[in-house]
Amino acid sequence: MFLTALISLIILAFCIVLMSVGIILKKGGKFPGGHVGDIPALREKGIHCAATQDRMAAAQKTLFERMITQ
């Protein structure tokens, strides 16, 4: 049991080191953003995070508000 846990921890540590090699060796390297707004491909498609979508929806007039103002 102990040997299995130790081997698992060693493999996990090795994988973490391998994933961070590019970040460590690159000049100015940093972890990629984890937010939807940080990904250019999603921004091009108009996909935003939930907070931004809520803000955008609140800024739009509702159908009822548009009918009253006409």
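Small disclaimer: the values here were computed from a predicted structure and weren't measured.

Mapped onto the fold, Ile47 is located in the loop between α2 (40-44) and α3 (50-59). Of the residues examined, Ile47 reaches a relative accessible area of 35% and is grouped as partly exposed. Aside from chain neighbours lying at most four places away, what touches Ile47 is Val36 and Leu42.

Taking 1.5 Å of rise per residue, 24 residues should cover 34 Å, and helix α1 (residues 2-25) covers 34 Å from first to last C-alpha, within 8% of that figure. At Met19, α1 is bent by approximately 35 degrees, the largest bend along its length.

A few words now on the confidence of the model for the chain. Summing up the model confidence of the chain, the mean pLDDT is 82 and the portion of residues at 70 or higher is 91%. Mean pLDDT in the chain bottoms out at helix α4 (residues 63-69), which sits at 69, and peaks at α1, which reaches 91.

About the criteria used
For every chain, the first residue of the written sequence is number 1, and numbering continues from 1 onward in sequence order. Totals for whole chains, interfaces and linings use every residue, but because this is a predicted model, local features are given only for residues with pLDDT of at least 70 and side-chain atom pairs only at 80 or more, for both listing and counting. Side-chain numbers here rest on the full set of heavy atoms in the structure, without hydrogens or water. Under the DSSP-based scheme used, a helix requires at least four consecutive residues in state H or I and a strand at least two consecutive residues in state E, with every element numbered from the N terminus. Whether a residue is buried, partly exposed or exposed follows from its accessible area with a 1.4 Å probe, protein chains only, as a fraction of its type maximum: under 20%, in between, or over 50%, in that order. The criterion used for residue contact is that any of the two residues' heavy atoms lie within 4.5 Å. Multiplying 1.5 Å by the helix residue count minus one yields the expected span of that helix. Bend at a residue means the angle formed by two fitted axes: the first through the 7 residues ending at that position, the second through the 7 residues beginning there. As a per-residue measure, pLDDT tells how confident the predictor is, with possible values from 0 to 100.

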